[in-house]
Amino acid sequence: MPQTLRKQSIDQLQHSKHWYLQQIKVFAELPEEDKKQLREISHMTSYRKHELICLPGQPSNTVYLLKQGRVKISQVNEKGQEAILSLLEQGEIFGEVEALSGMPRKTLVQALEPVVVCEITRENFERFLERCPTVGMCILKTIGGRLQRIEEKFSDMAFHSAPARLAKLLLQLAESMGEEDQGIIRLKVRLTHQNLANLIGTSRETVSTLLGQFQRQGILNQDRRQIHLVDTNKLANIQ
């Protein structure tokens, strides 16, 4: 179960919230008075690695601001097959679409590592948007960007091979979640072969085979589910 952060003093908690809210992209340009109100209507909660944050069918009563860690957002069919829609990291907002629509949750959100979020009730969030309409515009842009990425994903699945889809995904992860050291890019997020398969719409066996091929070609190295990209030029040329 989520562990509400009660051990901090009020001053420490407010200071921590303020620092975290500064990192949330849609609130970055807010005046201090509006950030103060945001601190007052939110509360910080932690989740353990692999813990479920949202489940399909749950009431959509909460908006989440991701302060620390990474989460995956996915849909699961009646057979238990998972399609990962997106990976989010510090500074992102999630749960806002379902909360604002008032419809039950359709997606599953799971912590990929220890996570800290600020949670805001739907009612408080709606009132906040009424006061700060510019935030609503930022959220619309965020939603539009996510929809565009999902459309690109389905287009890739229709028109590109599994090796090309995996190569593109690795390059995207390198850009958003990579750390370069002496020409080698280490992906900071640890994903299983099944996670990667769910992201590109193929099987775990196919991903394992392709990663092995990429490693033999000198494109990457693997170490305990962590991937190090050695040659991004070769990766970008995979068809």
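What comes next concerns the included structure. (Residues numbered from 1 in each chain as written. Predicted model: local features only at pLDDT ≥ 70, side-chain atom pairs only at ≥ 80, totals over all residues. Heavy atoms only, no water.)

When you go through the protein chain residue by residue, the secondary structure sums to 9 helices and 13 strands. Its C-alpha atoms give the protein chain a radius of gyration of 19 Å, near enough to 18 Å, the size a compact globule of 239 residues would have. Expressed along its principal axes, the backbone C-alpha trace of the protein chain runs to roughly 55 × 40 × 35 Å. Out of the 239 residues belonging to the protein chain, those deemed buried represent 44%. (Helix = DSSP H or I, 4+ residues; strand = E, 2+ residues; numbered from the N terminus. Rg over C-alpha atoms; globule rule 2.2 N^0.38 Å. Buried < 20%, exposed > 50% of the residue type's maximum accessible area, 1.4 Å probe, protein only.)

Let us now look at the sheet that holds strand β10 (residues 178–181). Spatially, 4 strands are ordered β10-β11-β13-β12 in an open sheet, and the strand pairing comes out antiparallel. In the strand order of this sheet, the two ends are held by β10 and β12 (220–223), each with one partner. The sheet shows a mean angle of 25° between the axes of neighbouring strands, direction not considered. Inspection of the sheet shows β10 paired to strand β11 (residues 184–187) by 4 bridges, in the antiparallel sense. Counterpart to Glu 179 in the pairing with β11 is Arg 186. (Pairing = 2+ DSSP bridges. Axes fitted to C-alpha atoms, helices over the stretch in contact; angles between N-to-C directions.)

On to the nonpolar core, then. Formed by 29 residues in total, the largest nonpolar core has its most connected members in Leu 170 and Leu 229. When residues of this core are traced back to their parent elements, those giving at least two are β6 (82–88), α6 (162–177), β11, α7 (193–200), α8 (204–216) and β13 (226–229). Considering every element that reaches this core, the biggest residue donor is α6, with 8 residues. With residues up to four places along the chain from it excluded, the contact list for Leu 229 reads Leu 170, Ala 174, Gly 183, Ile 184, Ile 185, Leu 187, Ile 219, Leu 220 and Leu 235. (Core = buried A, V, L, I, M, F, W, Y, C linked by side-chain atoms within 4.5 Å. Contact = heavy atoms within 4.5 Å.)

Along the chain, Leu 170 turns up in helix α6. Spatially, the C-alpha atom of Leu 170 lies 8.3 Å from that of Leu 235, the residues being 65 residues apart in sequence. In this structure, Leu 170 is in contact with Leu 187, Leu 211, Phe 214, Leu 220, Ile 227, Leu 229 and Leu 235, ignoring residues within four places of it in sequence.

Our next topic: the packing of aromatic side chains. Evaluated as defined, the whole model comprises 1 aromatic pair. Ring centres 4.9 Å apart and planes at 5° place the aromatic pair Tyr 64 and Phe 94 in the stacked group. On the criterion of sequence distance, the pair formed by Tyr 64 in strand β4 (residues 62–68) and Phe 94 in strand β7 (residues 93–94) is long-range, its members being 30 residues apart. (Phe/Tyr/Trp six-rings, centres within 6.5 Å; stacked < 30°, edge-to-face > 60°.)

What follows covers the packing of helix α2 (residues 32–41) against helix α4 (residues 122–131). When two helices pack together, their arrangement is given by the angle between the helix axes and the distance between those axes. Running from amino to carboxyl end, α2 crosses α4 at an angle of 170°, the nearest separation of the two axes being 11 Å. Between α2 and α4, the crossing angle belongs to the class labelled roughly antiparallel. For the pair formed by α2 and α4, the contact residues are Glu 33, Asp 34, Gln 37, Leu 38 and Ile 41 on the first element and Asn 124, Phe 128 and Arg 131 on the second. Here the contact of α2 with α4 is built from residues that sort into 3 nonpolar, 2 polar and 3 charged. (Parallel < 35°, antiparallel > 145°, perpendicular 65-115°, else oblique. Nonpolar A, V, L, I, M, F, W, Y, C, P; charged D, E, K, R; others polar.)

Moving on, we get to the sheet that holds β6. Taken together, 4 strands build an open sheet; the order of strands is β3-β8-β5-β6 and the sheet is antiparallel. Because the sheet does not close on itself, it has two edges, and the strands there are β3 (52–54) and β6. Direction aside, the axes of adjacent strands within the sheet are offset by 30° on average. Across 6 bridges, the pairing between strand β5 (residues 71–76) and β6 is antiparallel. Residue Ile 73 lies in a different strand from β6, and its bridge partner there is Ser 86.

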